[in-house]
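# Working through the structure, step by step
The chain contents come next:
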Amino acid sequence: MILLEMFTYPFIVRAFVVGILVSVCAALLGVPLVLKRYSMIGDGLSHVSFGALSVAVACGWAPLPVSIPVVVVSALGLLRMTERSKLGADAAIAVVSASALAIGIIVTSLTTGMTTDVDSYMFGSILALSQADVALSIGVSAAVLVLFGLFYHQLFAITFDESFSRATGMRVGVYNTLLAVLTALTIVLGMRLMGAMLISSLVIFPALTAMRLKKSFFGVVVLAACLSVVCFCVGLTASYLLSLPVGASVVVTSLAAFLAATVIGRIRGRN
Amino acid sequence: MDKEILLACRDADLGYEGKAIWEHLDFQVRRGDYICIVGENGSGKSTLLKSLLGLLRPLSGRIDRAESLRGGAIGYLPQQTRAQKDFPATVTEVVRSGFLSAGGHRLLYTPAQKAQALVNMGKLGILELKDRCYRELSGGQQQRVLLARALCAARELLILDEPVTGLDPAAAQDLYRTLAYLNKTEGIAIVMVTHDMENALRYADFILHAGQGKHFFGTVRDYLASPMGRRFGGESA
């Protein structure tokens, strides 16, 4: 009964809608990102996104219109860094994300102080979502789903083998950019709910978990999307029932799923 | 009788940012040729490959391609990356991805492409592996999968970048026999960068040797008679 009662609160319904949409997008994009060793880009972007949001709040600007372009530009920048210098890429991303976070914190403490707004960007909150966020999430996730579907084979090809794709005349740069931009959008949307510190887990966990269980790329993509939604719903419900922060409960649920998948994968591997 | 020319370098200077690594390179790949590119590390073999694949423009001169090779229709076997070793994908998924060249975006593979993918897997003896996961295959089997993918991209020319690196000797011999079969029976031209001089001399029709500032292109016999060939091919021939 208490579970049904949950849906009488409009903010919970909004959290479910936005969360499910963001989970699906993050999981889909996560598979190529993880396989291309770009997981850290997701993490870097969430910190940049936090920095942008704090500055926007401090200046009294609307948060999303400011942070979306900033994060998209950073996504392109991080992508270039990763492509240019294979060796220093993870260090470069770490530097960018720590700096963005630091700037966000300094701007915040100089102006408003640590308000609930800023706190909710850091650790996520189901109260942070407005009706406009729901509309934006629906728009962005529709775009992610359609583009992912349209370019599924191309994304597979550039993920599996960039040099071959380049040699056969595919515009690899265009698809990498598409991947980075869609990731940026997904992260900005999901960050309000999950928090800057935890949003990258939404990108990484489902792909990792699905990879333990499935042997085909298609299987991994489908399972990652399903797992992501299930983990989000379980996590959100747990957060409602136990009064826990959403982001953290979703991550812990995902971790449990990952550990279970690892054990199942090991057992299967032995037989 | 002249065989049809697939790819021709005509007085081409190749290199990066105005700095030519290859100067006045003249050579051609004709239908059914088997050419090995040899030379020390850093002598510009990968620059040449990139240029042949059309990823790098010649600084001067020309690289002409036959009509049938335009639009990315070159079968390429790159060096394997570490990321691929544990990639979750079935053999079928990998092989079919060879059809995604520049021309035309389709949402699904056509029935003809799916059939052709099966034919190519058959040619390489990996049909029974078609639902297996790529990461569970041996190095030699993985190379066959990538060759089948390359055949989906192109039927006339295969360009291979050190294909036997990392294979055990038996798998390497296996790969050479497969390539010889594709070359002789299917008439596919092969251009291979390799360090394996012994097998290069055994299987190739022509050798392109990259050296500091100078190069050699000619038949294996001419190569062995040349100063470069005596120095490099001597011990194994």
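Please read these numbers as outputs of a predicted model, since none were measured by experiment. (Residues numbered from 1 in each chain as written. Chains lettered and ligands numbered in written order. Predicted model: local features only at pLDDT ≥ 70, side-chain atom pairs only at ≥ 80, totals over all residues. Heavy atoms only, no water.)

### A closer look at the overall build of chain B
- Looking only at helices and strands, chain B has 9 helices and 9 strands in total.
- In summary, chain B has a C-alpha radius of gyration of 18 Å against a globular reference of 18 Å for 237 residues, a match within 12%.
- Principal-axis analysis of the C-alpha atoms places the extent of chain B at approximately 50 × 40 × 40 Å.
- Residue burial in chain B is summarised as follows: out of 237 residues, 54% are buried.
- Considering only contacts in chain B between residues 6 or more positions apart, those separated by 24 or more positions represent 67%.
- Roughly 10,800 Å² of accessible area belongs to chain B as shown, and the carbon and sulfur atoms make up 50% of that amount. (Helix = DSSP H or I, 4+ residues; strand = E, 2+ residues; numbered from the N terminus. Rg over C-alpha atoms; globule rule 2.2 N^0.38 Å. Buried < 20%, exposed > 50% of the residue type's maximum accessible area, 1.4 Å probe, protein only. Contact = heavy atoms within 4.5 Å. Areas by Shrake-Rupley, 256 points an atom, 1.4 Å probe, with all protein chains shown as cover.)

### As for the state of the cysteines
- The tally for this structure, following the rule as stated, stands at 0 disulfides over all chains.
- The structure places no disulfide on Cys152 of chain B, whose sulfur is separated from the nearest cysteine sulfur, that of Cys133 of chain B, by 18 Å. (Disulfide = S-S within 2.5 Å.)

### Structural notes on the interface of chain A and chain B
- The interface of chain A with chain B comprises 27 residues on the first partner and 34 residues on the second.
- Contact between chain A and chain B buries roughly 2,600 Å² in total, counting both sides, with carbon and sulfur atoms accounting for 64%.
- Among the ionic pairs, Arg37 of chain A bridges to Asp86 of chain B, the shortest N-O distance being 3.6 Å.
- For the pair chain A and chain B, the number of links is 11 residue pairs in polar contact (both at pLDDT 80 or more).
- Of all the secondary-structure elements, those providing two or more residues to the side of chain A that touches chain B are helix H7 (131-150), helix H8 (152-160), helix H9 (162-167) and helix H12 (217-242) of chain A. (Buried area = accessible area lost by both parts, 1.4 Å probe. Salt bridge = Lys/Arg side-chain N within 4 Å of Asp/Glu carboxyl O. Polar contact = N/O pair within 3.5 Å; in protein donor to acceptor, adjacent residues only side chain to side chain.)

### Let's talk about the environment of Gln154 of chain A
- Within the fold, Gln154 of chain A resides in helix H8.
- For the pair Gln154 of chain A and Val172 of chain A, spaced 18 residues apart in sequence, the C-alpha to C-alpha distance is 8.6 Å.

### Some words on the pattern of salt bridges
All names here are of chain B.
- Counting across every chain of the model gives 17 salt bridges over all chains.
- Among the salt bridges present, the one from Glu156 reaches Arg31, with a minimum N-O distance of 2.9 Å. Taken together, the positions of Glu156 in the loop between helix H5 (139-153) and strand S6 (157-161) and Arg31 in the loop between strand S2 (19-30) and strand S3 (34-39) put the pair 125 residues apart, joining distant regions of the chain.
- Taking the relative accessible area as the measure of exposure, Arg31 reaches 30% and is therefore partly exposed.
- The partner of Asp174 in a salt bridge is Arg177, with the nearest N and O atoms 3.6 Å apart.

### Here we look at the layout of surface pockets
- Quantified by volume, the second largest pocket comes out at close to 410 Å³.
- As for the second largest pocket, its lining consists of 17 residues, and the residues nearest its centre are Met211, Arg212, Leu213 and Gly265 of chain A together with Arg135 of chain B.
- Elements with a contribution of two residues or more to the lining of the second largest pocket: helix H2 (10-35), helix H11 (199-213) and helix H13 (246-270) of chain A.
- Examining the composition of the lining of the second largest pocket, we find that 5 residues originate from one element, H13 of chain A, more than from any other.
- Within the lining of the second largest pocket, the residues separate by chemical class into 5 nonpolar, 3 polar and 9 charged. (1 Å grid on protein atoms, 1.4 Å probe; cavity = no way out; pocket = protein on both sides within 12 Å on 5 of 7 lines; lining within 4 Å. Points joined across faces, edges and corners; volume = space filled by probe spheres on them. Nonpolar A, V, L, I, M, F, W, Y, C, P; charged D, E, K, R; others polar.)

### Some thoughts on the sheet that holds strand S4 (residues 60-65) of chain B
Residues and elements named next belong to chain B.
- Within the open sheet, the 3 strands sit side by side as S2-S1-S4. Their pairing is antiparallel. The sheet is open, and its two edges are formed by S2 and S4, each paired on a single side. Strand-to-strand twist in this sheet, taken as the mean axis angle between neighbours without regard to direction, amounts to 15°.
- For strand S1 (residues 5-16) and S2, the ladder comprises 8 bridges, and the chain directions are antiparallel. Pairing of Ala12 across the sheet is with Leu25, part of S2.
- Against the sheet, helix H1 (residues 45-53) contacts S1, S2 and S4, and its axis sits at roughly 130° relative to S1. (Pairing = 2+ DSSP bridges. Axes fitted to C-alpha atoms, helices over the stretch in contact; angles between N-to-C directions.)

### Description of unusual backbone geometry
- The phi angle at Ser243 of chain A is positive, at roughly 55°, despite the residue not being glycine.
- Residue position: Ser243 of chain A is located in the loop between H12 and H13.
- Despite not being glycine, Glu162 of chain B has its phi angle at roughly 45°, a positive value.
- A relative accessible area of 16% means that Glu162 of chain B is categorised as buried.

### Regarding the nonpolar core
- The biggest cluster of nonpolar side chains holds 134 residues, and the ones touching the most others in it are Phe217 of chain A together with Tyr34, Leu158 and Ile207 of chain B.
- In terms of residues, this core owes the most to one element, H2 of chain A, which gives 15 residues.
- In this structure, Leu25, Ile37, Ile159 and Leu208 of chain B belong to the second largest nonpolar core, which totals 31 residues. (Core = buried A, V, L, I, M, F, W, Y, C linked by side-chain atoms within 4.5 Å.)

### Some words on the environment of Gln116 of chain B
All names here are of chain B.
- Its location among the elements puts Gln116 in helix H4 (residues 111-123).
- Look at Gln116 and you get buried, because its relative accessible area is 18%.
- In sequence terms Gln116 and Gln79 are 37 residues apart; their C-alpha atoms lie 24 Å from each other.
- If sequence neighbours within four positions are ignored, Gln116 has contacts with Phe99 and Arg155.

### Quick notes on the domain arrangement of chain B
All names here are of chain B.
- Its domain assignment divides chain B into domain 1 (1-74 + 155-237) and domain 2 (83-153).
- Measuring from the centre of the C-alpha atoms in domain 1 to the corresponding centre in domain 2 gives 24 Å.
- The partner domain 2 presents 14 residues to the 18 residues of domain 1 that form the contact.
- Across the domain 1 to domain 2 interface the summed buried area is about 1,200 Å²; carbon plus sulfur atoms make up 64%. (Domains from an automatic or database assignment.)

### Digging into helix H6 (residues 169-184) of chain B
Residues and elements named next belong to chain B.
- In this model, H6 (16 residues) spans 22 Å end to end at C-alpha, consistent with the 22 Å of a helix rising 1.5 Å per residue.
- Burial in H6 covers these residues: Ala171, Ala172, Leu175, Tyr176, Thr178, Leu179, Ala180, Leu182 and Asn183.
- On its buried side, H6 packs onto S3, H5, S6, strand S7 (189-193) and helix H7 (197-203). (Expected span 1.5 Å × (residues − 1).)

### What to know about H11 of chain A
Residue and element names in this part refer to chain A.
- Counting buried positions along H11 gives 12 out of 15 residues, so the element sits mostly inside the fold.
- The complete set of buried residues in H11 reads Ile199, Ser200, Ser201, Leu202, Val203, Phe205, Pro206, Ala207, Thr209, Ala210, Met211 and Leu213.
- On the buried face of H11, the contacting elements are H2, helix H3 (39-59), helix H10 (172-194), H12 and H13.

### Overview of the packing of H2 of chain A against H12 of chain A
All names here are of chain A.
- The interhelical angle for the contact between H2 and H12, taken along N-to-C directions, is 145°, at an axis separation of 8 Å. When you trace H2 past H12, the crossing you get is right-handed. Residue-level contacts link Ile12, Ala15, Phe16, Gly19, Ile20, Ser23, Val24, Ala27, Leu28, Val31 and Leu35 of H2 to Phe217, Val220, Val221, Ala224, Ala225, Ser228, Val229, Phe232, Cys233, Leu236, Thr237 and Tyr240 of H12.
- Its residues assigned to classes, the contact of H2 with H12 comprises 19 nonpolar, 4 polar and no charged. (Left-handed = near helix turned anticlockwise from the far one by under 90°.)

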